[in-house]
Every structure is written in structure tokens, then in C-alpha cells.
Amino acid sequence: MPYRTPEARFENLLEFPFAPQFVTVGDDLRMHYVDEGEGAPILCLHGEPTWAYLYRHMIPPLAEQHRVVVPDFIGFGRSDKFTAVDDYSFALHYETLAAFIEALDLTDVTLVVQDWGGLLGLAYAARQPERIARLVVLNTFLPTGEEEKSTAFLAWRRFVENTPDLPIGQVVRRGLADPDRLSDAAAAAYEAPFPTIESKAGAVAWPLLVPMAPGGPVSDAMRETRQKLAEWSKPAFVLFAPEDPILGGARDFFLNLLPTAREQPDVTIGDAGHFLQEEQGPTIARHVLEFVERTS
């Protein structure tokens, strides 16, 4: 049986008043999501090692005009968790994401992705473009294992390999341009889903799934995703924080990959690091709303 974080861990979280919603996906796995507002959906996908809490500053402004859906991937947030690192795979996450979108019958989707949300969300968009109206690409990448890895990523991977009890709040704080922005209460909210070492297996797994050499299921999936997105004809908005030491340099990669990306304004998110939604959420939300309006 998968592990389920006790609901008491999610009581009275700072700045997170959203009612929990749940849907069953995959092999009887419970997946949590936030669902606020009405209208054409904006689907926001988190990355490592966060959960829907990362989007808390974006949900209210987006929900004034749209239905905002923010799921927790399996292994994160309020969603069910496996307790062994080996139980996690790209296929597990992709299939449960696809099942989630199908279960909610989301169409005409504005897809907002960051970090591992990009690997999975962009792979989905490439294969199911009929459900996706437009892309908003925050700091992420599509690694095939052929590219040179940054010093920051290699250090992060080594840290994860040697730290099964990941200090989640500390990881988020270190990923900010200004670590002092993250209060102790917010750091505790990021840590809330992970009360035990075993519950952190999904967070440990993601960095280790990044391909270090060509070949393998993730490498093959990312190569196919690149090929399909090179023919993407719908609107795409690349909205990066260049100060991110791990992924900030991937902005030009997406501007060159996505044929429609350069049709949008040349915008970057300043004064933000890897977790740009945490530091500049309202600003990002405003750019997303403007993008939807000019491409509708």
C-alpha cells in the first residue's frame, strides 16, 4: 500500500486556504489537486521537491479569470506516495498525469510547467496536443543525457544521492535568489507532506531519474518530445528566471526549439531563482493572463 501523509500535516498552512480535491489514477492511487475559479483551465505543474503550495501566490489572480488546476504528482504533496525510490519512474509520473487530465476531462488547457513539471507536462503536450491550447514554459529542460551538466546540477545530484532524508524546506530556500524571502512557516509548509524519510522517496527519485548519458526511457522520451515540439504550432511563452544556476541557461534552448516562442514578448523574470513562482508569483500570473488574452 502506498503511504498517505496524515491530513493533520496540512492544517493551518501559511497562505494556503484552498480546499483539497482528490481523484483516483493509475493503480488505485489518490492524486490531490487544487481546483479554483471557472473558465478555460490553466493547469500548473510543480517540480522537485515541491507541491501545489509552490503556486499559492499565482492561484488567486489566475482564478479571477480562469479555472486553475494544480495537482500534486504522485510522491508529493497530498498525493499518495511510494516509499521506495525504485518505485518511481518517468512512466509512472507520465501515466498518472495523463490519467489525471483525462479524469478531469481538461481541454483548451493553458499549460504552465516548471522543473520536472516541464519534463512531464511538455512530454504530454507533445503527445496529446489536442487538449493543450498554449504553453507557458518556466525554468525547466528536456534532458537527453547528451548535454553537458551544470556544476550546480552535479552538486545537487551528489547531495541527493547521499541524503535520503532530504531537508525539503532548506532545499527550497537555497533555490531562491533571496533565501530570506522564505519564512520558517512557508518552509514548514513545503516540508509538511514529508514527515518521514520513507515519504521522501519520490523527491529523492526525481534528480536520480535525470539521464546522465544517452539512452534509457527518460532520454528516449525527451528526445521524442524535442522532435514533436520542434513542430509545435500553437502559442508558446518562454518565461524564465535567468538567475537560476541550474536551469536558467535553458531559456534560449526553448526559444529556439518552439517555433512560436519568439512571437511572444521578450520577457524574463528578474530577482528570482529556481523556484520563481515562490519569489515572483503575482508577476508571473500577470504575464500568464496577458499571454492568454493576446493569444485567445
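Since the model is a prediction, treat every value here as computed from it, not as a measurement. Per chain, residue numbering runs from 1 following the sequence as it is written. Per-residue local features of the predicted model are confined to residues with pLDDT of at least 70, and side-chain atom pairs are confined, for both listing and counting, to 80 or more; whole-chain, interface and lining totals are unaffected and use all residues. Only hydrogens and water are removed before side-chain values are computed, so all heavy atoms of the structure are retained for them.

A word on the packing of helix α2 (residues 90–103) against helix α3 (residues 116–127). Throughout, an axis means a line fitted to C-alpha atoms (over the contacting stretch in the case of helices), and angles, computed between N-to-C directions, take values from 0 to 180 degrees. Every helix listed is a DSSP run of H or I at least four residues long, and every strand listed is a run of E at least two residues long, numbered separately from the N terminus. Between α2 and α3, whose axes approach to 10 Å, the crossing angle comes to 60°. Accordingly, the angle class assigned to the pair α2 and α3 is oblique. Between α2 and α3 lies a crossing of right-handed hand. Counting all contacts with α2, which are made through F90, H93, Y94, L97, A98 and I101, the residues of α3 involved are W116, L119, L120, G121, A123, Y124 and R127. Split by residue class, the contact of α2 with α3 holds ten nonpolar, two polar and one charged. Should an angle fall under 35 degrees it is called roughly parallel, over 145 degrees roughly antiparallel, and 65 to 115 degrees roughly perpendicular, with every other angle called oblique. Here a crossing is called left-handed whenever its near helix is offset anticlockwise from the far helix by less than a right angle, and right-handed whenever the offset is clockwise. Any pair of residues with heavy atoms lying within 4.5 Å of one another is described as a contacting pair. Charged means Asp, Glu, Lys or Arg here, nonpolar means Ala, Val, Leu, Ile, Met, Phe, Trp, Tyr, Cys or Pro, and polar covers whatever is left, Gly included.

It is worth spelling out α2 at this point. Since there are 3.6 residues in each turn of an α-helix, residues three or four apart along the chain are aligned in direction. Along its 14 residues, α2 runs 20 Å from first to last C-alpha, staying within 8% of the 20 Å computed at 1.5 Å per residue. Partly exposed residues are those whose accessible area sits between 20% and 50% of the maximum for their type, while under 20% is buried and over 50% is exposed, using a 1.4 Å probe and protein chains only. Along α2, the residues classified as buried are F90, L92, H93, Y94, T96, L97, A98, F100 and I101. Phi turns positive one or two residues past the end of α2, at D105, with a value near 50°. Here a helix's expected span is defined as the number of its residues, less one, multiplied by 1.5 Å.

What follows deals with the environment of L14. Structurally, L14 can be placed in the segment before β1 (21–25). Placed 175 residues apart in sequence, L14 and A189 show a C-alpha to C-alpha distance of 6.9 Å. Once residues lying within four places of it in the same chain are set aside, the contact partners of L14 are Y53, R56, S183, A185 and A186.

F100, L135, F254 and L258 are the most contacted members of the largest nonpolar core, which has 107 residues in total. Looking at this core element by element, the count peaks at eight residues for α3. Not counting residues within four places of it along the chain, the set of residues in contact with F254 comprises L122, V137, T140, F141, L142, V238, F240 and A261. By convention a nonpolar core is built from buried Ala, Val, Leu, Ile, Met, Phe, Trp, Tyr and Cys residues, the set being connected through side-chain atoms within 4.5 Å.

Volume-wise, the largest pocket comes out at about 750 Å³. Cavity means a closed set of points on a 1 Å grid over the protein atoms alone, one where a 1.4 Å probe fits but cannot get out, pocket means an open set with protein on both sides within 12 Å along at least 5 of 7 lines, and lining means a residue has an atom within 4 Å of a point. Along the walls of the largest pocket sit 37 residues, with F153, W156, I246, L247 and H274 positioned nearest its centre. When residues of the lining of the largest pocket are assigned to their parent elements, the largest contribution, five residues, is made by helix α4 (residues 151–161). Its residues assigned to classes, the lining of the largest pocket comprises 22 nonpolar, seven polar and eight charged. Grid points are joined across faces, edges and corners, and a volume is the space filled by probe spheres set on the points.

Structural measurements only, silent on function.
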